[in-house]
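Below are the chains, spelled out letter by letter.
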Amino acid sequence: QVHVVESGGGLVQTGGSLRLSCAYSGTFSGIHSMAWYRQAPEKERELVAMITGDYRTTYSDSAKGRFTISRNNTGKVGFLQMNSLIPEDTGLYSCRIEALIVDLGRTSWPGYWGQGTQVTVSS
């Protein structure tokens, strides 16, 4: 099982920056992917950014050019650097880890969620 904990959220003004952290631990062979999602009140949760085990990255259209996702395998932590924040970025940001599990020669990559960290961008 993998334990995931996010941190770094807070209240910022439009144009400001935040760096979110995603710390993870547990028993696994590697990381298939790490992704950041956000959910605003009364809206569906959306994918913001993802980084794969081989460090390929993808971003939502709104995040592209402003957000940067990264991961430190040695420290078992990932980050989401958010710049030029706007009110539309407000929401609960959650980290999802797909951990590589090897059991008797069979590989799987179940997903694990953190509790989330709140980001609020004021006008």
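Structure: above.
Source: prediction; values computed, not measured. (Residues numbered from 1 in each chain as written. Predicted model: local features only at pLDDT ≥ 70, side-chain atom pairs only at ≥ 80, totals over all residues. Heavy atoms only, no water.)

Another point: the overall build of the protein chain. Helices and strands together make up the secondary structure of the protein chain, namely 0 helices and 12 strands. Put simply, the protein chain runs from its N terminus to its C terminus through helices and strands in the order β-β-β-β-β-β-β-β-β-β-β-β. For 123 residues, the compact-globule estimate of 2.2 N^0.38 gives 14 Å, and the C-alpha radius of gyration of the protein chain, at 15 Å, lies within 12% of that figure. Going through the 123 residues of the protein chain one by one, you find that 39% of them count as buried. Total accessible area on the protein chain is roughly 6,900 Å²; 49% of this is exposed by carbon and sulfur atoms. Averaged over its 11 positive side-chain charges, the protein chain has a centre that lies 6 Å from the centre of its 10 negative ones. (Helix = DSSP H or I, 4+ residues; strand = E, 2+ residues; numbered from the N terminus. Rg over C-alpha atoms; globule rule 2.2 N^0.38 Å. Buried < 20%, exposed > 50% of the residue type's maximum accessible area, 1.4 Å probe, protein only. Areas by Shrake-Rupley, 256 points an atom, 1.4 Å probe, with all protein chains shown as cover. Lys, Arg positive; Asp, Glu negative; His and termini not counted. Charge placed at Lys NZ, Arg CZ, Asp CG, Glu CD.)

Another point: the sheet that holds strand E1 (residues 2-7). In space, the 4 strands of this open sheet follow the order E1-E3-E8-E7, with antiparallel pairing throughout. Single-partner strands in this sheet number two, and they are E1 and strand E7 (67-72). Strand after strand, the sheet turns through a mean of 15° between neighbouring axes, direction not considered. Looking at chain direction, E7 and strand E8 (residues 77-82) are connected through 6 bridges and run antiparallel. The residue of E8 that forms the bridge with Ile69 is Leu80. (Pairing = 2+ DSSP bridges. Axes fitted to C-alpha atoms, helices over the stretch in contact; angles between N-to-C directions.)

Here the focus is the nonpolar core. Counting 27 residues, the largest nonpolar core has Trp36, Leu80, Met82, Tyr93 and Ile97 as the members making the most contacts within it. Elements that contribute at least two residues to this core include exactly E1, strand E3 (18-26), strand E4 (30-39), strand E5 (46-52), E7, E8, strand E9 (91-103) and strand E12 (117-122). If we skip the residues at most four places from it in the chain, Met82 touches Gly16, Ser17, Leu18, Leu20, Arg66, Phe67, Tyr93 and Val119. (Core = buried A, V, L, I, M, F, W, Y, C linked by side-chain atoms within 4.5 Å. Contact = heavy atoms within 4.5 Å.)

This part covers the packing of aromatic side chains. Counted by the stated rule, this structure contains 2 aromatic pairs. Ring geometry for Tyr24 versus Phe28: centroids 6.2 Å apart, planes at 45°, classification tilted. Across this residue pair, the class does not change: Tyr24 and Phe28 are buried. With centroids separated by 5.0 Å and ring planes inclined at 55°, the aromatic side chains of Tyr37 and Trp113 adopt a geometry described as tilted. Of this pair, Tyr37 sits in strand E4 while Trp113 sits in strand E11 (residues 111-113), and the two are 76 residues apart along the sequence. One Lys or Arg, Arg19, reaches over the ring of Phe79 and ends 4.3 Å from the middle of that ring. (Phe/Tyr/Trp six-rings, centres within 6.5 Å; stacked < 30°, edge-to-face > 60°. Lys NZ or Arg CZ within 6 Å of the ring centre and 35° of its normal.)

Note that every value here comes from positions in space, so none of it alone points to a role or purpose.
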